[in-house]
Amino acid sequence: MTSRGSQAEAHGPSHPLLRVENLVVEYASSTQTVRAVSDVSLAIARGETFSLVGESGCGKSTLARAIMQLTKATSGRVLFDSLDLTALNASALRRVRQRLQIIFQDPIASLNPRRRIADIVAEPLLIAGVRDRASRESRTRTLLQAVGLDPNLAASRFPNELSGGQCQRVCIARALVVNPELLVCDEPVSSLDVSIRAQIINLLESMKAAYRLTLLFIAHDLAVVKAVSDRVAVMYLGKLCEVAPTEQLFRSPAHPYTALLLDAIPRPDPDAAVPATIPVGEPPSPIAPPSGCRFRTRCPRAQTLCAAQIPPLREIAPRQFAACHFPLAGTT
Amino acid sequence: MTPQQPHDAASPLLTLEEVSVDLPTSRGNLRAVDRVNLSVAAGRTLGIVGESGSGKTMLSRAIAQLLPRKARLSGHVLFNGQDLTRLSSESLRLLRGRSIAFVFQDPMTSLNPVLTVGMQIAETLQEHLGLEARAAMRRAVELIASVGIPNPEQRCQQYPHQFSGGMRQRAAIAIALSCEPKLLIADEPTTALDVTVQAQILHLLAHEQRQRGMAMILITHDLAVVAGRTNDAAVMYAGRIVERAPTRVLFKHMRMPYTQALIAAIPKLDSPPHTPLLAIPGLPPDPTHPLPGCAFAPRCAYVRDQCRHHTPPLVPADHSHEFACWHPIASHVRATP
């Protein structure tokens, strides 16, 4: 194992369910290469909810897809319960897929509009080789009930007869029907209204407890992330800039980008001060990221060292890791 | 054209009287906006908040008479003393862009992909203000600079696709502001943007609104945006305004249970992780099958029999605060239960 691989162990649990080592994902066109995920390492413990946050284009969804083997990694490894998913052939991968499932942002687009809800939820069981129709049906009913849908009403419906929130419940039922260990949630509530969003977050929390799940949660809404996560990783232009326990990260962010994100969240309180410092600029194009620290072009603390050297992810405080030459924690 | 009514300086810039919008659909008539009364004064920002399908966007379209062709509008929209529902389409065309301007969620809605950004602003200035071409282009560069776009001269010669999402929204704002409108209607202006860019755009809109003494209507699904950026706020549910108050009063002393439930459902940054959220049960009602009584009754924690049979009118709590509820929350109760 490389020395950078051992760094991945350092900021995660010692016996993780999922370990990502030096993962790189590149998208190539005829003229240029975009490095969407650039040398990311992380580890998620069994039973943990680990969140990835960042702005659009930071690579968080690509990272999730590469973990699920829906996008091929350019290099690096994805170890699921010590099994290297990047090295598996198609049939071995299909067998292990039951153990890791994913739900997406747009629940309506995630469901085949021409199939009935019961068939949609039962399909992973068919793929998993459950031949007996009666046991598929009873398992499907159990799951529909568990996600708060009445099986008698929902089973024979089509997706267009359900609301967005109800479709997300169907997606959750379909993901959990094969009893997975890891559930990847890619912006699961971003397209839902406030009143429905809270229902789905509560449902994910109770499903996590009932099915003893490990969650990888991807979102851009920091308030949602705060509500569900045990640990949070902040991504910027394909790299992790900070990884820390949730309370620690929100209380005293070490990376200036984390601080900027936290500052920018509008507060649902008319007495909360509107942020005095307005973040400058927008994330640069991932086609030509800045040299050294990728955040330096927008960073109020940037110095010449930041352009010259890529800051490694290092421990700033116990269990809090930041990739910054001049981190905030400890200086305030 | 109808004769202009004399404009009283003390009266609000915009007043809606009993405005309703009906849309024929395959499943029957859909009442998208139901008897809305509202007013906005110059120099004030009104937030209109509601979930999808609550009618907030249809209401904003009704103000500028930009409804879908099949929609039926009733009621009156008084702008600067003129009833816009009675204006000819030519008079409306002159008014829109000049006196009433829009910023939409997707800036590409208002940007022409085959014209340079500078040309688009210059075109607006030539059309509405009668500027000659060179002066219009000079003004376009100034406007692009004033909305915080770096290298304005070079940027004016570029096309919208060469701009990032945030820069496009800035350009759309520059076009909206180009003719010094009296009223700016911003419909979910930051919903498609990242949080750091959202902060920039909200700051820009607030700055321009103050500088110009414009009236602004900020339409959003995000209560947090309303909290920090508006003077007054109206909450819509199933096509109706169910509560309206100065923003601070709405957040601290709301009377309508839906307002309370909506604020309570937002995840709070100061709660520890894994705190269960106070979700609102059920779903919004089907607008093609309106229920008798209060539309929120099936989801309301305080529902009583009366609520299911009789629609509560929007009544004033005091001169600046009104709500539609038979059994309102006691006025001393705080925001978060």
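Look above for the structure.
Residues numbered from 1 in each chain as written. Chains lettered and ligands numbered in written order. Predicted model: local features only at pLDDT ≥ 70, side-chain atom pairs only at ≥ 80, totals over all residues.

Participant: So, the overall build of chain A: which residues are in play, and what are the values?
Facilitator: Of the regular secondary structure elements, chain A holds twelve helices and twelve strands. In terms of overall dimensions, chain A is globule-like: its C-alpha atoms have a radius of gyration of 21 Å, near the 20 Å expected for 332 residues. On the principal axes, the C-alpha backbone points of chain A span a range of 65 × 50 × 40 Å. (Helix = DSSP H or I, 4+ residues; strand = E, 2+ residues; numbered from the N terminus. Rg over C-alpha atoms; globule rule 2.2 N^0.38 Å.)

Participant: Which residues make up the sheet that holds strand β12 (residues 320-322) of chain A, and what values do they have?
Facilitator: Residue and element names in this part refer to chain A. If you trace the eight strands from one edge of the open sheet to the other, you get β6-β7-β8-β3-β9-β10-β12-β11, paired in mixed fashion. Both edges of this open sheet fall to β6 (100-103) and β11 (314-317), since each of them pairs with a single strand only. Sheet twist, expressed as the mean angle between neighbouring strand axes with direction ignored, is 20 degrees. Sitting on the sheet, helix α11 (residues 256-264) touches β9 (231-236) and β10 (239-245), and the angle it makes with β9 is about 100 degrees. (Pairing = 2+ DSSP bridges. Axes fitted to C-alpha atoms, helices over the stretch in contact; angles between N-to-C directions. Contact = placed C-beta atoms within 7 Å.)

Participant: Explain unusual backbone geometry to me, and be specific about the residues and the numbers.
Facilitator: Leaving glycine out, the prevailing phi sign among residues is negative, and the prevailing peptide bond configuration is trans. Positive phi is not limited to glycine here, since Gln69(A) has a value of about 65 degrees. Looking at Gln69(A), the number of C-beta atoms within 10 Å reads 18, which means it is partly exposed. At Ala238(B), a position not held by glycine, the phi torsion is positive, near 50 degrees. You can see Ala238(B) is positioned in the loop between β9 (232-237) and β10 (240-246). Judged by the 23 C-beta atoms lying within 10 Å of it, Ala238(B) falls in the buried class. (Buried ≥ 20, exposed ≤ 12 C-beta atoms within 10 Å, placed from the backbone.)

Participant: Summarise the interface of chain A and chain B; cite the residues concerned and give the values.
Facilitator: Each partner contributes residues to the interface: chain A has 38 residues there, and chain B has 37 residues. Looking at the side of chain A that touches chain B, the elements with two or more residues in it are α8 (194-210), α9 (222-228), α10 (246-251) and α11 of chain A. Top element by residues in the side of chain A that touches chain B is α8(A). It accounts for seven residues. When its residues are assigned to classes, the side of chain A that touches chain B shows 20 nonpolar, nine polar and nine charged. (Nonpolar A, V, L, I, M, F, W, Y, C, P; charged D, E, K, R; others polar.)

Participant: Describe the sheet that holds strand β2 (residues 33-44) of chain A, and please don't skip the residues or the numbers.
Facilitator: Residue and element names in this part refer to chain A. The sheet built from four strands is open, its strands ordered β2-β1-β4-β5 with antiparallel pairing. Here the strands that pair on one side only, and so sit at the sheet edges, are β2 and β5 (83-84). Pairing between strand β1 (residues 18-28) and strand β4 (residues 75-80): five bridges, direction antiparallel. Across the sheet, the residue bridging to valine 24 is serine 75, located in β4.

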